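Below, each chain spelled out in residue letters.
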Amino acid sequence: MFTQEELIQSVQSANYKKLAQCLSVIENNEKDWKGILKSFSFDQNVPIIGITGPPGAGKSTIISALIKKLSLTMKVAVLAVDPTSPFTQGSLLGDRVRMMSQHNNKNIYIRSLATRGALGGLSNKTLEMSDVLRASGFDIIIIETVGVGQSEVEIAALADTSVVVLVPESGDEVQMIKSGIIEIADIVVVNKADRPEAKRFRATVLENIKNKTNSSWSIPAIETIATKDEGIDELIEAIQSHQKAEMENQKTILLAQQLYHHISHHRMDDLSMKELVNEIDKARGKNGVNIYLLAEKYLK
């Protein structure tokens, strides 16, 4: 059994082996993973920042620049959600390739996890693993979604602040503005802002988000050139401002969404596609298939 005290000591000493082992137990549903979570207390004031956006927008570069600055005064954890290998069920294009320059920083811990078929740009265990990090003494947690495009909206139910990264380079980004992904933004980042069309693109973004909010928070559109660390200070300031403005107001709703997320995934744990295929085969051999009747067995 992993104790919270062990994990806090692991983070304080920057000896992350115990933490890595604990996260693996949670991710892989190993023995007593639920007991570990139930034994911890979680500091809800530790912010979770979600970074999402289409592939190629520069999310990893922005995160690398962010954590380099944040780690000067904080202990920072990153969960990088990656596509799943069809052969190993592990993650592809993991953080060690994309954020190699930050791996020797003792104030930074980076962990890849695979989607394993989950939709929405996250892994089914993102919530639980981020809570373990929250309980382990980190000051801030950053989650990078897969980069699958318009379906990356689940991060809004997990992150205290959702940052949507866009780039002014093709019609795809205009579609992002029109689609659900822009609806989850607390902060919009226009990356690669040195491109000629960046100013016009930012104006289009601002026009589309100005009426989106139903609170006092005014969604900013921040220009960055992440490869040169430009605009990163402004992004950090915007994240901190959003935390102060919205965190307390939205915390109850956010925790309810996280509870719903955990319960719904837990109820799916015992479902097997192979078992469902067998049920369908049996039904087809009898009186035909009515999936709503078959579902009753699993909905009790």
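Being a predicted model, the structure only gives us computed values, none of them experimental. (Residues numbered from 1 in each chain as written. Predicted model: local features only at pLDDT ≥ 70, side-chain atom pairs only at ≥ 80, totals over all residues. Heavy atoms only, no water.)

### Some points on the overall build of the chain
Filter applied, for reference: Only DSSP runs of H or I with at least four residues qualify as helices, and only runs of E with at least two residues qualify as strands; both kinds are numbered from the N terminus onward. The classification of residues rests on relative accessible area computed with a 1.4 Å probe and restricted to protein chains. Under 20% of the type maximum is buried, over 50% is exposed, and intermediate values are partly exposed. Whether two residues touch is decided by their heavy atoms; if any such pair falls within 4.5 Å, the residues are in contact.
A tally of helices and strands in the chain yields 11 helices and seven strands. When the 300 residues of the chain are sorted by exposure, 47% land in the buried category. In the chain, the share of contacts with a sequence separation of at least 24, taken over all contacts with a separation of at least 6, comes to 74%.

### Focus on the confidence of the model for the chain
The cut-off we apply is this: Per-residue confidence from the prediction method is given by pLDDT, with values spanning 0 to 100.
A residue-level look at the chain finds 80% of positions with pLDDT of 70 or above and a mean pLDDT of 81. Contacts from residues 84-96, a stretch scored under 50 in pLDDT, to residues over four places away or in other chains number 32 contacts. Note on residues 117-121: pLDDT under 50 across the span, and 14 contacts to partners over four residues away in sequence or across chains.

### Considerations on the pattern of salt bridges
What counts, and what does not: A pairing counts as a salt bridge when a side-chain nitrogen of Lys or Arg comes within 4 Å of a carboxyl oxygen of Asp or Glu.
For the coordinates displayed, the defined rule picks out seven salt bridges. The salt bridge involving Asp-160 is made with Arg-134; its shortest N-O contact spans 3.1 Å. On the criterion of sequence distance, the pair formed by Asp-160 in the loop between β4 (140-144) and β5 (161-166) and Arg-134 in helix α6 (residues 126-135) is long-range, its members being 26 residues apart. Take Asp-160: its relative accessible area is 11%, and that puts it in the buried class. Of the residues examined, Arg-134 reaches a relative accessible area of 2% and is grouped as buried.

### Section: the packing of aromatic side chains
We count it as follows: Aromatic rings from Phe, Tyr and Trp, taking only the six-membered ring of Trp, are treated as a pair when their centres fall within 6.5 Å; an angle between ring planes under 30 degrees marks them as stacked, one over 60 as edge-to-face, and anything in between as tilted.
All told, the structure shown has four aromatic pairs when counted by the stated rule. Judged by centre distance (5.0 Å) and plane angle (55 degrees), the rings of Tyr-16 and Tyr-109 are tilted. Of this pair, Tyr-16 sits in the loop between α1 (4-12) and α2 (17-27) while Tyr-109 is found in strand β3 (residues 108-114), placing the two residues 93 residues apart along the sequence. Residue Tyr-16 is classed as buried on the basis of its relative accessible area of 13%. Taken together, a centroid distance of 6.3 Å and an interplanar angle of 35 degrees make the contact between Tyr-109 and Phe-138 tilted.

### With respect to the pairing of strand β6 (residues 187-190)
Taken residue by residue, a regular strand's side chains alternate between the two faces of the sheet. Under the convention used in this document: When DSSP finds at least two bridges between two strands, those strands are taken to pair.
Where burial is concerned, the two faces of β6 agree: the one with Ile-187 and Val-189 and the one with Val-188 and Val-190 are both buried. Pairing of β5 with β6, which is carried by four bridges, proceeds in the parallel orientation. Residue pairing for β6: Val-163 is matched across the bridge by Ile-187. Pairing geometry for β6 and strand β7 (residues 221-223), over three bridges, is parallel. Residue pairing across strands places Val-189 opposite Ile-222, the latter belonging to β7.

### A word on α6
The element α6 is extensively covered by neighbouring structure, given that 10 of its 10 residues are classed as buried. Gly-137, located one to two residues past α6, shows a positive phi value of around 100 degrees.

### With respect to the nonpolar core
Short version of the rule: Only buried residues count toward a nonpolar core, which is a set of Ala, Val, Leu, Ile, Met, Phe, Trp, Tyr and Cys residues joined through side-chain atoms within 4.5 Å.
Leu-19 and Ile-142 are the most contacted members of the largest nonpolar core, which totals 73 residues. In terms of residues, this core owes the most to one element, helix α4 (residues 59-70), which gives six residues. Beyond its immediate sequence surroundings of up to four residues, Leu-19 is in contact with Leu-7, Ser-10, Val-11, Tyr-109, Val-132, Leu-133, Ser-136 and Phe-138.

### Details of unusual backbone geometry
Backbone geometry at Asp-32 places phi at a positive 65 degrees, although glycine is not the residue there. Its location among the elements puts Asp-32 in the loop between α2 and α3 (33-39). One non-glycine residue with positive phi stands out, namely Lys-192, at about 60 degrees. With respect to the element layout, Lys-192 can be found in the loop between β6 and α8 (198-209). Using a relative accessible area of 22% as the deciding quantity, one classes Lys-192 as partly exposed.

### Digging into the environment of Tyr-260
Locating Tyr-260 in the fold gives a position in helix α9 (residues 232-268). As for Tyr-260 and Ala-157, which are separated by 103 residues in sequence, their C-alpha atoms are 9.5 Å apart.

### Looking at the pairing of β4
Extensive coverage of β4 is indicated by the burial of five of its five residues. Neither face of β4 is exposed, since Ile-140, Ile-142 and Glu-144 on one face and Ile-141 and Ile-143 on the opposite face are all buried. In this structure, strand β1 (residues 48-52) lies alongside β4, joined through four bridges in parallel fashion. The residue of β4 that forms the bridge with Gly-50 is Ile-143.

### What about α2?
Residues Leu-19, Cys-22, Leu-23, Val-25, Ile-26 and Glu-27 constitute the buried set of α2. Looking at the residues trailing α2, positive phi occurs at Asn-29, about 55 degrees.

### A look at the environment of Leu-294
Structurally, Leu-294 is set in helix α11 (residues 291-299). What makes Leu-294 partly exposed here is its relative accessible area of 23%. Sequence-distant contacts of Leu-294, defined by excluding residues within four places in its chain, comprise Glu-279, Ile-280, Ala-283 and Val-289.

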